[in-house]
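Tertiary structure, described
Chain by chain, the residues run as shown.
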Amino acid sequence: MRLRLARWRGGVLLAGLLVCWESLPRLGWVDPILLPPFSRVAGRLISLALSGDLVQHAVASLGRVLAGYGLALAAALPLGFFLGLSEPAEQYARLAVQLLRPLSPPAWIPLAILWFGIGNAPAIFIIFVGTFLTLLTGTIAAVRGVDRRLVQAARTLGCSRRGTVVRVVLPAALPELLTLIRLGLGLAWMCVMAAEMVAVSRGLGFLMLEARNLFRTDTVLAGMLTVGSLGLLLDGLLRLVQGRLLRWQVGRKAYEMSRD
Amino acid sequence: MKCLEIEALSKVYAGPDGPIEAIRRVDLVVREGDFVAIVGPSGCGKTTLLQIVAGLEPPTSGRVLFRGRPVRGSSHERTLIFQESALFPWLTAQGNIEFGLRSLGLPASERRERAREALHWLGLEGFAGLYPHQLSGGMQQRVALARALAVDPVLLLMDEPFAALDALTRRRLQQEVRRIQEARRQTVLLVTHSVREALSLADQVVVLSSRPAEVRMVLPVPRPLSPAALAEWEEAIHRCLTEENGEPGTWTPSSF
């Protein structure tokens, strides 16, 4: 009963915000050109969806995220495992990683355009560089954080060195890795917006930028709603995968608290 | 027959403020079927000694012979049990026990059969499907023991396996270990800081000094050992440990 109530609480604030959004411009307290009421934005969203434009833009953005983030995952996870398991290798890489990491994704945009021009390539590049180092350092930390005794136990149970990587380090680091992958996806989703504001002619970022130039605040807001919802949806999908893979953790915290 | 021979074993670590001498010229022999306990003050290098025997760390100098051959790397023949169970939290009790059997390349049917057997030895029937976090500390340590015994080790290495348990659970598990050891003629090398534990479990007690660890004395323990004799022996070992070059403070008395 209490749990069900808690689930509705999240909706209460959202509903309140929507009511404010609807009434403020209608009451004339806010200029409707700067903030059109929610119903008009929703109407615009539906018409964009029906015309097929929205889907086209959304698919373009999603495709870039999948390509750029997929590449970053494919590169960062194996490399992170290697560096996490090998102390000397990590020492070689450390300075370079620390130097490049503070560069925020938008800082790569000028270079991306110089190298790749306009189109999908610079956007994918920006997503890649914007997520790669975060994934890399996170993977190294996750691998490093694995309890050494688990590896030692496996070794004295006859498991080979290579076997422990797959059978011990990977499952032991998995909870942290999955959180990292969710975090990275959020980051990739932010990067694609930044990239699409400058380097492409399709995608949700482009849609919003163009609408700004035409002073269509309703389209800008409709685009923002789409971006938010899609981000939520992607994260929800990953959470589903996470729950599936980490089923053994169900109730773990509760058990540990109830003990002693 | 000699199972384990340690000759003039020394271990020096590179510490932040120069080298740390953990073990100094330790000699030790464990025969097949023996239950040998190593006692010494906390932090004296007992654990390091066990890790070297397990093949998880190389010695600085000296030799460790296992069945006449120098130890090189780890193997299921020298299985190690830790103070905290070190179970794999993502596997059930059954999965944990089968872990080593998979490394040995046994087929699924035989793995299941041997896991069932190991669960039976430790009275864990009915717990096979539970995850470590669903088990009490004592039960976890039982699963760890079952996991180690399932791979049929020649030498069972135990690093303070009872230290994290409450007194009642510890007592019960100690008896269980002794019973299994006798039934299987299992060779065991146990490391503990509890003199009483060493005396009540082992056939032979090796007393180490505080760091760097050196052998102070080797005592064969007669069986049965009467409570009065046990108290006397315990007192003697404590005296031996506190007399050494003026660092009695490092000795932690057992919590019995």
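Residues numbered from 1 in each chain as written. Chains lettered and ligands numbered in written order. Predicted model: local features only at pLDDT ≥ 70, side-chain atom pairs only at ≥ 80, totals over all residues.

Notes on the overall build of chain A
The condition that has to hold: We count a stretch as a helix when DSSP gives it H or I for four or more residues in a row; a strand needs E for two or more, and each element gets its number in order from the N terminus. Radius of gyration here is computed from C-alpha atoms only, and the compact-globule reference equals 2.2 Å multiplied by the residue count raised to the power 0.38.
The helix and strand tally for chain A stands at 11 helices and 0 strands. Sequence-ordered secondary structure for chain A, helices as α and strands as β, is α-α-α-α-α-α-α-α-α-α-α. The C-alpha atoms of chain A give 23 Å as radius of gyration, which overshoots the globular expectation for 260 residues (18 Å, by more than 25%). Principal axes of the C-alpha set define a box for chain A whose edges measure 75 × 60 × 30 Å.

Regarding the sheet that holds strand β1 (residues 2-15) of chain B
Here is the rule we go by: Paired strands, in this sense, are two strands between which DSSP finds at least two bridges.
With antiparallel pairing, the 4 strands of this open sheet are ordered in space as β2-β1-β4-β5 (chain B). The open sheet has two free edges, formed respectively by β2 (18-31) and β5 (69-70) of chain B, since each of these has just one partner strand.

Focus on the sheet that holds strand β7 (residues 155-159) of chain B
All names here are of chain B. Here is the rule we go by: Orientation is described by lines fitted to C-alpha atoms, with helices fitted over the stretch in contact, and by angles between N-to-C directions that extend from 0 to 180 degrees.
The 6 strands lie next to each other as β6-β7-β8-β3-β9-β10, forming an open sheet whose pairing is mixed. Edge strands, defined here as strands with exactly one partner in the open sheet, are β6 (78-81) and β10 (215-220). Along the sheet, successive strands turn relative to each other by an average axial angle of 15 degrees, direction set aside. In the sheet, strand β3 (residues 35-39) pairs with strand β8 (residues 187-192) via 5 bridges, with the strands oriented parallel. Across the sheet, the residue bridging to Ala37 is Leu190, located in β8.

Considering helix α1 (residues 46-54) of chain B
Quick reminder: α-helices carry 3.6 residues per turn. Residues three or four places apart thus point the same way. Residue and element names in this part refer to chain B. Heads up, the rule is: The burial criterion counts other C-beta atoms lying within 10 Å of a residue's C-beta, which is placed from the backbone; the residue is buried at 20 or more, exposed at 12 or fewer, and partly exposed between these limits.
Of all 9 residues that make up α1, 8 are buried, and the element is covered over most of its length. Those residues of α1 that sit buried are Lys46, Thr48, Leu49, Leu50, Gln51, Ile52, Val53 and Ala54. Once α1 finishes, Gly55 follows within two positions and takes phi at roughly 85 degrees, a positive value.

Topic: the interface of chain B and chain A
The cut-off we apply is this: Residue pairs are scored as contacts if the distance between their C-beta atoms, which are placed from the backbone, is within 7 Å. In this classification, the charged set is Asp, Glu, Lys and Arg, the nonpolar set is Ala, Val, Leu, Ile, Met, Phe, Trp, Tyr, Cys and Pro, and all remaining amino acids, among them Gly, are polar.
Between chain B and chain A, the contact holds 23 residues from the first and 17 residues from the second. Elements supplying a minimum of two residues to the side of chain B that touches chain A: β6 and α2 (93-103) of chain B. Taken together, the residues of the side of chain B that touches chain A break down into 12 nonpolar, 9 polar and 2 charged.

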